[in-house]
Amino acid sequence: MLKKIFEYLATIGNSFTTELKLIFSDSAAYTTYIITPLIVGFVYTYVYSNEIITKVPIAVVDQNQSQLSHKVIRMLDASQQVEVTHNSTSIDQAKELYNQGKIDGILFIPSNFSSKIQQGQVATISAYYDASYMLYYKQMKKAVVTAVGTLSAQVEVSKLMSSGLTQTEATSARRSVQPISISLFNINSGYATFLMPVVFIIALQLVQLTTIGVLGGTQREKGNFEKTYPFISKPLGSLFIVLGRSGAYGLISTLIIILQMGLVVPLFDLPHRGNPWEAILFLLPFFLAVCFLGIFLMNLFKKREDAVMVITLSSIPALFLCGLSWPKESFPKWIEIISIFSPSTLGSRGFIAINQYGATLSEIKPIWFNLWGVALFYFILAVLSMKRIYYYSKKR
């Protein structure tokens with residue numbers, strides 16, 4: 001019995017070292033697995049390091065030319081979100097500037113703007129946004145709403161003060177309830193803070209699956225699967241080989257995520273509120289689940305090129321399923337269930353909870369246990385797949 005245990009442990013160790021040798025002896029494998037996620041981490045974060053878009057260029061068509069219209073323009077230009085780069089004489093001229101790509105929005109002030117305000121009527125200002133680019137649209141809309149809202153408040157307070165109220169009384173009468181907006185976790189509403197933690201997880205899943213697929217496709221292509229894993233012929237051989245292989249990928253993935261959190265995050269001043277070691281502990285079943293999934297997918301890859309094409313196409317669906325571009329609460333139920341089988345779905349949710357919300361591992365135990373369940377599911381499939389590939393290679 002003791003001899004069997006040592007034999008199994010030796011099989012795990014041999015599979016572990018064999019997988020490391022395979023990874024580092026294949027330039028495509030170690031470049032994809034180790035170098036690519038680090039490049040993605042640095043380059044993507046650098047691209048989004050400004051966090052928010054500022055000074056979006058816009059044109060103003062002021063047909064009123066009054067003190068009030070000039071005041072609106074000054075407040076708009078003084079905002080952080082937009083910059084008035086053109087003062088056009090007509091809406092057609094402003095449209096031409098937009099079509100030429102020189103501006104991203106137009107503000108139109110009609111000729112009766114100030115007269116309507118003086119007569120106590122509702123005046124209108126038209127704003128045209130580029131809604132095809134949501135970040136530009138959001139910034140310009142915020143700037144216009146703030147400027148017009150501020151001017152409107154000033155006009156109302158002035159009217160109330162003219163009736164005999166003090167400025168404090170007029171301000172209170174105009175707005176008896178003062179809302180206070182507080183941004184939680186992503187204080188600056190930054191794009192990198194919102195995006196990069198998920199990109200780390202998606203990229204790591206993508207490169208790990210690609211590496212396993214490339215190496216598996218190479219072994220099947222050369223027909224040396226049994227030579228690489230001689231213990232596969234034993235009754236429980238595939239089980240211990242899978243454990244050894246998963247250890248190699250788990251080790252490398254852990255080192256990569258440590259470099260991401262230790263170098264990329266502080267270098268670009270991204271928030272990290274939780275315990276980093278709890279984040280790594282949480283990601284352990286994620287690394288294993290991705291590894292087991294990759295071994296299972298080896299059934300599809302008879303050539304190394306197959307893995308690159310198939311897995312690369314899966315990165316976009318994985319990004320959607322994790323709930324980044326659309327909240328998971330709005331998913332149809334069947335899609336929400338399917339999304340669980342992509343390890344990055346639970347992996348990104350838990351990583352964000354620890355990384356940005358400052359959650360502890362005990363607070364996200366349901367996500368962690370579910371991730372272990374996904375890892376166990378793919379472990380069973382991986383063990384069966386290793387045995388199937390072995391039998392398939394024997395028949396060749």
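This section reports on the structure supplied with the text. Because the structure is a prediction, the values reported are computed rather than measured. (Residues numbered from 1 in each chain as written. Predicted model: local features only at pLDDT ≥ 70, side-chain atom pairs only at ≥ 80, totals over all residues. Heavy atoms only, no water.)

1. With respect to the overall build of the chain
Moving on, step 1. Scanning the chain for helices and strands turns up 15 helices and four strands.
Moving on, step 2. Expressed as a percentage of the 396 residues in the chain, the buried residues total 43%.
Moving on, step 3. A separation threshold of at least 6 residues defines the contact pool for the chain, and within that pool the share at least 24 residues apart is 78%.
Moving on, step 4. Of the roughly 20,900 Å² that the chain leaves accessible, carbon and sulfur atoms contribute 62%. (Helix = DSSP H or I, 4+ residues; strand = E, 2+ residues; numbered from the N terminus. Buried < 20%, exposed > 50% of the residue type's maximum accessible area, 1.4 Å probe, protein only. Contact = heavy atoms within 4.5 Å. Areas by Shrake-Rupley, 256 points an atom, 1.4 Å probe, with all protein chains shown as cover.)

2. Description of the nonpolar core
Moving on, step 1. One finds Val 242, Phe 282, Leu 283 and Ile 295 to be the most contacted residues of the largest nonpolar core, which totals 73 residues.
Moving on, step 2. Broken down by secondary-structure element, the contributors of at least two residues to this core are α1 (2-25), α2 (27-47), α8 (191-222), α10 (237-267), α11 (276-297), α12 (304-321), α14 (343-355) and α15 (365-395).
Moving on, step 3. With residues near it in sequence (within four places) discarded, Phe 282 still touches Leu 346, Gly 347, Gly 350, Phe 351, Ile 354, Leu 361, Ile 364, Ile 367, Trp 368 and Leu 371.
Moving on, step 4. Val 56, Ile 58, Leu 107 and Ala 147 belong to the second-largest nonpolar core, a separate cluster that totals 17 residues. (Core = buried A, V, L, I, M, F, W, Y, C linked by side-chain atoms within 4.5 Å.)

3. Section: the layout of surface pockets
Regions of empty space are outlined by a rolling probe, equal in size to a water molecule, passed over the atoms.
Moving on, step 1. By volume, the second largest pocket is sized at about 460 Å³.
Moving on, step 2. For the lining of the second largest pocket, the secondary structure elements donating two or more residues are α8 and α14.
Moving on, step 3. For the lining of the second largest pocket, the element with the highest residue contribution is α14, accounting for three residues. (1 Å grid on protein atoms, 1.4 Å probe; cavity = no way out; pocket = protein on both sides within 12 Å on 5 of 7 lines; lining within 4 Å. Points joined across faces, edges and corners; volume = space filled by probe spheres on them.)

4. Overview of the side chain of Thr 210
Moving on, step 1. Of note, Thr 210 is situated in helix α8.
Moving on, step 2. By relative accessible area, Thr 210 is classed as buried at 8%.

5. Quick look at the sheet that holds strand β1 (residues 56-62)
Within a sheet, each strand pairs with its neighbour through backbone hydrogen bonds, oriented either parallel or antiparallel.
Moving on, step 1. Here we have four strands laid out as an open sheet, ordered β2-β1-β3-β4, and mixed in their pairing. Each of the sheet's edge strands pairs with one partner strand only, and the pair in question is β2 (82-88) and β4 (126-129). Across this sheet, the average inter-strand angle for adjacent strands is 25°, counted without regard to direction.
Moving on, step 2. As judged from the four bridges shared by β1 and strand β3 (residues 105-109), these two strands associate in the parallel manner. Looking across to β3, one finds that Val 61 is bridged to Phe 108.
Moving on, step 3. Packing of helix α4 (residues 91-99) onto the sheet brings it into contact with β1, β2, β3 and β4, and relative to β3 it is tilted by some 170°. (Pairing = 2+ DSSP bridges. Axes fitted to C-alpha atoms, helices over the stretch in contact; angles between N-to-C directions.)

6. Some words on α12
Moving on, step 1. With 18 residues, α12 extends 26 Å between its outermost C-alpha atoms, agreeing within 8% with the 26 Å of an ideal straight helix rising 1.5 Å per residue.
Moving on, step 2. At Ser 315, α12 shows its largest bend, some 30°, and a proline, Pro 317, comes one to four positions later.
Moving on, step 3. All of the buried residues in α12 are Ala 307, Ile 311, Ser 315, Ala 318 and Leu 321.
Moving on, step 4. A positive backbone phi angle near 90° is found at Gly 323, which sits one or two residues after α12. (Expected span 1.5 Å × (residues − 1). Bend = angle between axes of the 7 residues up to and from the residue.)

Honestly, it's all geometry; don't read function into it.
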